[in-house]
Amino acid sequence: MQDTKKFFENLSGAGKSIGVLTSGGDAQGMNAAVRAVVRMGIYVGAKVYFIHEGYQGMVDGGDNIKEASWESVSSMLQVGGTVIGSARCKDFRTHEGRLRAALNLVQRGITNLCVIGGDGSLTGANLFREEWSGLLDELVQSGQISEEAAQTHSALHIVGMVGSIDNDFCGTDMTIGTDSALHRIIEVVDAIMTTAQSHQRTFVLEVMGRHCGYLALVSALACGADWVLIPEMPPKDGWEEQMCHKLSENRADKKRLNIIIVAEGAIDQNNKPITTELIKDLVVRCLGFDTRVTILGHVQRGGTPSAFDRILASRMGVEAVLALLEASPGTPACVVSLCGNQAVRLPLMECVQMTQEVQKAMDEKRFEEAVKLRGRSFENNLNTYKLLSHRKIDAELPRSSFNVAVLNVGAPAAGMNAAVRSAVRVGITEGHTLFAVNDGFEGFSKGQIKEIKWGDVGGWTGQGGSLLGTKRTLPAKHIDKIAEQMRIHNINALLVIGGFEAYLGLLELQAARSKHAELCVPMVMVPATVSNNIPGSDLSIGADTALNAITDTCDRIKQSASGTKRRVFIIETMGGYCGYLATVGGLAAGADAAYIYEEPFDIRDLQSNVEHLTEKMKTSIQRGLVLRNENCSENYTTDFIYQLYSEEGKGVFDCRKNVLGHMQQGGAPSPFDRNFGTKIAAKAMQWISKKLKEFYRTGKEKLDVKVFRQGKKMFHRIPKEQWWLRLRPLMKILAKYKTSYDVSDSGQLEHIVRLRAKDISAI
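Residues numbered from 1 in each chain as written. Predicted model: local features only at pLDDT ≥ 70, side-chain atom pairs only at ≥ 80, totals over all residues. Heavy atoms only, no water.

(A) Fine view of the environment of Gly651. With respect to the helices and strands, the residue Gly651 is situated in the loop between helix 21 (638–648) and strand 21 (654–659). Exposure remark for Gly651: the relative accessible area of 85% places this residue in the exposed category. Separated by 429 residues in the primary sequence, Gly651 and Ala222 place their C-alpha atoms 50 Å from one another. (Helix = DSSP H or I, 4+ residues; strand = E, 2+ residues; numbered from the N terminus. Buried < 20%, exposed > 50% of the residue type's maximum accessible area, 1.4 Å probe, protein only.)

(B) The sheet that holds strand 8 (residues 258–263), seen in detail. Strand order in the open sheet formed by four strands is 7-8-6-9, with parallel pairing between adjacent strands. Looking along the sheet, the strands with just one partner apiece sit at the ends: strand 7 (227–229) and strand 9 (291–295). Strand after strand, the sheet turns through a mean of 15 degrees between neighbouring axes, direction not considered. Helix-sheet contacts for helix 6 (residues 178–199) involve strand 6 (202–207), strand 8 and strand 9, and the interaxial angle to strand 6 is about 165 degrees. (Pairing = 2+ DSSP bridges. Axes fitted to C-alpha atoms, helices over the stretch in contact; angles between N-to-C directions. Contact = heavy atoms within 4.5 Å.)

(C) Representation of the packing of aromatic side chains within the structure. Taken as a whole, this structure holds 11 aromatic pairs when the rule is applied. Seen in terms of ring centroids, Tyr55 and Phe92 are 4.1 Å apart; in terms of plane orientation they differ by 10 degrees. Their pairing is stacked. Within this pair, whereas Tyr55 is found in helix 2 (residues 54–60), its partner Phe92 is found in the loop between strand 3 (65–67) and helix 3 (95–107), the two being separated by 37 residues in sequence. There is no split in this pair, since Tyr55 and Phe92 are both buried. Seen from their ring centres, Tyr580 and Trp724 are 6.1 Å apart, and the 80 degrees between their planes marks the pair as edge-to-face. On the criterion of sequence distance, the pair formed by Tyr580 in helix 19 (residues 580–589) and Trp724 in the loop between helix 23 (712–716) and helix 24 (728–734) is long-range, its members being 144 residues apart. Grouping aromatic residues by their ring pairs yields a cluster made of Tyr55, Phe92, Phe128 and Trp132. Geometry around Phe289 places Arg251 over its ring, the cationic atom sitting 4.3 Å from the centre. (Phe/Tyr/Trp six-rings, centres within 6.5 Å; stacked < 30°, edge-to-face > 60°. Lys NZ or Arg CZ within 6 Å of the ring centre and 35° of its normal.)

(D) Main features of unusual backbone geometry. Its identity as a non-glycine residue notwithstanding, Glu53 has a phi of 60 degrees, on the positive side. Along the chain, Glu53 turns up in the loop between strand 2 (47–51) and helix 2. The class for Glu53 is partly exposed, based on a relative accessible area of 35%. Although it is not a glycine, Lys736 adopts a positive phi angle of roughly 75 degrees. Position of Lys736 among the secondary structure elements: in the loop between helix 24 and helix 25 (752–757). For Lys736, a relative accessible area of 44% puts it in the partly exposed group.

(E) Examining the pattern of salt bridges more closely. Within this structure, the stated rule accounts for 30 salt bridges. As a salt-bridge pair, Asp226 and Lys255 come within 3.1 Å of each other at their nearest N and O atoms. Remark: Lys255 occurs in the loop between helix 8 (239–252) and strand 8 and Asp226 occurs in the loop between helix 7 (214–223) and strand 7; sequence separation between them is 29 residues. For Lys255, a relative accessible area of 27% puts it in the partly exposed group. (Salt bridge = Lys/Arg side-chain N within 4 Å of Asp/Glu carboxyl O.)

(F) Up close: the UniProt feature "domain: Phosphofructokinase" (unreviewed entry) in the protein chain. With numbering aligned to this structure, UniProt lists the feature "domain: Phosphofructokinase" (unreviewed entry) at residues 18–323 and 403–688. Segment residues 18–323 splits into 45% helix and 15% strand. End C-alpha atoms: 12 Å apart. Structurally, residues 403–688 is divided into 41% helix and 18% strand, and its ends, taken at the C-alpha atoms, are 11 Å apart. (UniProt positions renumbered as here; feature names shortened; annotations may be inferred.)

(G) Quick peek at the packing of helix 3 against helix 4 (residues 119–141). At a closest axis distance of 9 Å, the pairing of helix 3 and helix 4 adopts a crossing angle of 80 degrees. Taken together, helix 3 and helix 4 sit at an angle that is classed as roughly perpendicular. Here helix 3 contributes His95, Arg98, Leu99, Ala101, Ala102, Leu103, Leu105 and Val106 to the contact with helix 4, which in turn contributes Leu127, Phe128, Glu131, Trp132, Leu135, Leu136, Glu138 and Leu139. (Parallel < 35°, antiparallel > 145°, perpendicular 65-115°, else oblique.)

(H) Representation of the pairing of strand 18 (residues 567–573) in the model. Of all the seven residues making up strand 18, seven are buried; the element is thus mostly covered by neighbouring parts of the structure. Neither face of strand 18 is exposed, since Arg567, Phe569, Ile571 and Thr573 on one face and Val568, Ile570 and Glu572 on the opposite face are all buried. As defined by bridge partners, strand 18 adjoins strand 21 across six bridges and the pair is classed as parallel. By the bridge assignment, Phe569 is partnered in strand 21 with Arg656.

(I) Highlighting helix 13 (residues 376–389). Taking 1.5 Å per residue, 14 residues should reach 20 Å; helix 13 reaches 20 Å between its end C-alpha atoms and fits that length. Counting buried positions along helix 13 gives 10 out of 14 residues, so the element sits mostly inside the fold. All of the buried residues along helix 13 are Ser377, Phe378, Glu379, Asn380, Asn381, Leu382, Thr384, Tyr385, Leu388 and Ser389. Here the buried face of helix 13 lies against helix 7, strand 7, helix 8, helix 12 (367–374), helix 14 (416–429) and helix 22 (671–695). (Expected span 1.5 Å × (residues − 1).)

(J) Quick peek at a positive patch on the surface. Together, Arg88, Lys90, Arg93 and Arg210 line one region of the surface with positive charge. By the element assignment, Arg210 lies in the loop between strand 6 and helix 7. Among the residues examined, Arg210 registers a relative accessible area of 55% and is labelled exposed. (Patch = residues over 30% accessible without salt bridge, like charges linked within 9 Å, V, L, I, M, F, W, Y side chains within 5 Å. Areas by Shrake-Rupley, 256 points an atom, 1.4 Å probe, with all protein chains shown as cover. Lys, Arg positive; Asp, Glu negative; His and termini not counted. Charge placed at Lys NZ, Arg CZ, Asp CG, Glu CD.)

(K) Looking closely at the nonpolar core. Membership of the largest hydrophobic core comes to 147 residues, with the highest contact counts inside it found for Met161, Ile261, Leu495 and Tyr580. When residues in this core are grouped by element, the largest group, 13 residues, is from helix 10 (residues 307–326). Not counting residues up to four positions away in its chain, the partners in contact with Leu495 are Ala405, Val406, Leu407, Ala423, Val524, Val526, Ala681, Ala684, Met685 and Ile688. Ranked by size, the runner-up nonpolar core spans 40 residues in total, among them Val59, Leu136, Ile145 and Cys339. (Core = buried A, V, L, I, M, F, W, Y, C linked by side-chain atoms within 4.5 Å.)

(L) Up close: the sheet that holds strand 3. Spatial strand order, 3-2-1-4-5-10-11: seven strands in an open sheet with mixed pairing. The strands lining the two open edges of the sheet, one partner per strand, are strand 3 and strand 11 (342–347). Put simply, the sheet's adjacent strands are angled 25 degrees from each other on average, direction ignored. Across three bridges, strand 2 lies against strand 3 in antiparallel orientation.

Written out as structure tokens, the structure reads:
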């Protein structure tokens, strides 16, 4: 196994020049991608050039193409848009324009291009690559470059990254900017909900997405909208009456507001546009509701990038440089994509062709096919929305006679309420009777159990904390009473939403099955903890919201440090013994170091970090940011590290410390956590229904939790394998530390069709 590992230290960029440009519409996170390309390029010994104003700058040359330095990308991470500029370029579409661009690149020795943009920008880059040798021949014939220069620069390598808020590119689960755009939409929807509730209004919101309904669909899921209209799913004839019936039904159920979300490209079955004004007139005419229209417009493109987009863009930027270093003259242009939590490379034109096929399918009214071509992520979102959106009247519901209890266990995590809402509504749709348990296992033992109905969970998606109440108490002491309550209420299945206590609690209930027949029922756990330390799960509900809280705070702290100069901040994050928040938060905030339990460190490492910061203070970036997981070391406490840095940095920099504490658990859930909680709780409830039908009371049900080896790791509550540890070298590289980085997984150019055939359960 060790022999097959490949480390990037063997890849040298010496003598190579990389040009980086952003093209087409801007998207939050583009700057993080530019920063990663520049720093990784310089790190491996290559020269990196900014190409300002996209393809226009490449055609015009001059000062538009400038060499980048390590310091020149400092403070870019938290800035929205693109600081190197982007422009739509007519000149590059002409042969003469591409000829001038080729001359400008050859003069600077640039034969590697990193293009961040949409499918149009990437298609243009591929055409440029295909024409490259012909363009060089023309330049030689006209005497603008020598034969020798043409031979030296004979091959142009292209790597693309998709920067688009619409998430309309096939082959990647998420494009750079989509998550941030969802943040902007949800901020607006949350604000609108309070005013709509005050006046009992209906709001019609238009979001971006001319050809793709991803933003509309996911924001509708994340805010519990009453109706959504997207280009991929035109409503069936008679939708107007259905929508008005649904709105009036919700009002009758004591709901004081209605939200309708419309993608700007929404169409009906006949490909006619459905506008916000048309919907407003319809609601006013049929129902007489006070209705307002809000068009979000370019607000969605603006603002600071979310933690997710910064991490995604940083990973893609590093992967793009690796792809350029490994490229040979015959390597096709590739695009760096996200598949689950892996960065993968796909042939650029395969992705572009599939993206174009989606539009073709929609033009030809093959809408179901268009949804499938969009990919698993889009399809999962759409299926979950359909599952939750259409409330059936009691007469239509299948009656299962099963009772399912839902409870929260452990510390609160943002997104728990979205998961409860989803579980309750899917359970009711499946015909079950749902019971809510207050205050975790403790409340269960005391009989704090009551039936929960469809309307009881209205408006829960955007609420932080746990509305059911949650406690860390484990069930072992209360097993007899819990079994009694399950018998009294005839509970046939259990859905537990929570952190490590929920995991341990289910193991304890499983162990007690031999004594209590009442516990021989299907039980499933939905992971919800900011620590993200549940075995068998890559992500937990609440971790993304906590990451955004850390990133926002670090941004403010960095701003304060850049004003005072020569200041280092030591910030303590939550996470128990799991270093997820410190590591991934460090990558998103641009930290210089992150101390975690999983990577032991000693006084020599601390000394090395101090020396590194001392060197940094000699540059134009006179500030430092160090993150520390709360339990990373028993003796190297936050106070100790603060005092050590203060003493060793005397005369060079001063120190401040900040313990973030419970602010990481609070606040409104991020769009990701709302959506993730909604989807996995729906899947959990469907699993319960399946098990109830298959094995009711046979005692054969297995917990949907894999028991892992008891011992030290169990005590410290850390899974044996943690995917995010692979991101640590990235953080160190981008902070200018010499480190080793295993790139064994990189370098494989996969094919989009083969990738789609894999059973990837995209988030």
